[in-house]
Amino acid sequence: MKPQFHRMRPLAAMLTVCIMLLLHASCKKETARQKEDVPAKADAATESVTKSGGKSVCYVEVNSNSLLNTGKYTLTTGGQQLFDIAIIFAANINYNTATQKAVLYNNPQVTSVLVNKATQIVPLQNKGMKVLLSILGNHQGAGFCNFTSRASARAFAQQLADTANYYGLDGIDFDDEYAEYGNNGTGQPNDSSFVMLLDELRKLMPSKIISFYYYGPAASRLSWGGKKAGDFVNYSWNAIYGSYSVPNVAGLPKSNLGPAAVDIQSTSLTTAKSLATQTKNNGYGIYLWYNLTSTNKASYFSGVSSILYGSNVTYTP
């Protein structure tokens with residue numbers, strides 16, 4: 001089967017919304033498409049999984065779907081949650097042309113999830129799940145790969161850490177798409193930027209998750225100055241839905257890598273099961289799901305879960 005291409009995001013404009021983050025005022029604007037309390041590694045190691053068979057990670061497009069849908073699926077045998085990590089998709093890295101600095105933006109839907117954390121985030125965490133915020137480019141030239149100084153990388157890392165801490169998130173996910181490097185006079189990707197950003201964020205979030213959606217310019221800029229992305233990130237996963245490809249992130253063990261990626265709405269069950277079999281047989285610890293809606297997908301999930309976890313899946317509305 002032809003692999004699914006990376007996620008495509010609508011470009012419709014939305015009204016800007018402004019809210020106050022801890023120590024930072026951060027305007028909220030349209031997105032293009034938008035704990036694990038893991039010990040910091042001297043190298044960011046992670047805690048053991050709560051069920052054998054690895055972790056299931058799920059991105060939710062919160063512009064149109066509820067993050068709470070991730071908490072509705074449990075293993076029929078054992079009762080553990082199917083999804084170990086739920087990812088809010090997505091906040092943006094935007095560019096302030098007046099200050100010439102990268103800024104963190106959340107559109108109204110992302111903002112709603114964050115400010116209503118008591119009903120949108122905490123219930124999932126109470127089930128033992130971890131909740132991350134994914135950060136995505138927004139066509140303005142700002143990205144993870146064109147910071148030109150450690151100070152500028154640290155300033156953006158501070159915004160991310162403040163957001164994660166203020167809203168009780170378990171970590172930050174990086175998705176290096178749609179930056180459109182060069183727009184607004186910004187620079188092109190350089191070798192030092194992403195590693196500096198990860199280094200600074202890990203210092204600010206020593207016990208939270210940092211994950212990397214293996215795609216974009218960042219995927220080929222994972223080492224610099226004697227340091228590597230794998231020193232700072234906890235997980236990385238394949239970005240091409242319907243395919244099997246091991247992320248090349250030096251320093252991460254198999255248990256923290258996800259070579260299998262499926263789009264729940266378009267990847268066939270036959271393909272999803274084949275990817276699960278490869279994941280299990282090859283000893284990898286992450287299985288990536290994308291685009292969960294409110295439709296009951298227990299039958300689809302059971303086909304994969306029976307391979308990974310030896311159990312079907314139960315749906316509880």
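Residues numbered from 1 in each chain as written. Predicted model: local features only at pLDDT ≥ 70, side-chain atom pairs only at ≥ 80, totals over all residues. Heavy atoms only, no water.

A. Representation of the environment of Val60. One can find Val60 in strand β3 (residues 55-61). Assessed through its relative accessible area of 0%, Val60 is described here as buried. For the pair Val60 and Leu292, spaced 232 residues apart in the sequence, the C-alpha separation amounts to 5.7 Å. If sequence neighbours within four positions are ignored, Val60 has contacts with Asn65, Ser66, Leu67, Thr70, Ile87, Ile88, Phe89 and Leu292. (Helix = DSSP H or I, 4+ residues; strand = E, 2+ residues; numbered from the N terminus. Buried < 20%, exposed > 50% of the residue type's maximum accessible area, 1.4 Å probe, protein only. Contact = heavy atoms within 4.5 Å.)

B. Region of the structure containing the confidence of the model for the protein chain. A residue-level look at the protein chain finds 84% of positions with pLDDT of 70 or above and a mean pLDDT of 88. Across the protein chain, the element-wise mean pLDDT spans from 35 in strand β1 (residues 17-21) up to 99 in strand β8 (residues 171-175). Every residue in residues 8-49 is under pLDDT 50, and counting partners more than four places away or in other chains gives 152 contacts. (pLDDT = per-residue confidence, 0-100.)

C. Region of interest: the layout of surface pockets. By volume, the largest pocket amounts to about 350 Å³. Among the secondary structure elements, those contributing two or more residues to the lining of the largest pocket are β5 (85-96), β6 (101-105) and α4 (150-166). Counting residues per element, the lining of the largest pocket draws most heavily on α4, which supplies four residues. When grouped by side-chain class, the residues that make up the lining of the largest pocket number seven nonpolar, 12 polar and one charged. (1 Å grid on protein atoms, 1.4 Å probe; cavity = no way out; pocket = protein on both sides within 12 Å on 5 of 7 lines; lining within 4 Å. Points joined across faces, edges and corners; volume = space filled by probe spheres on them. Nonpolar A, V, L, I, M, F, W, Y, C, P; charged D, E, K, R; others polar.)

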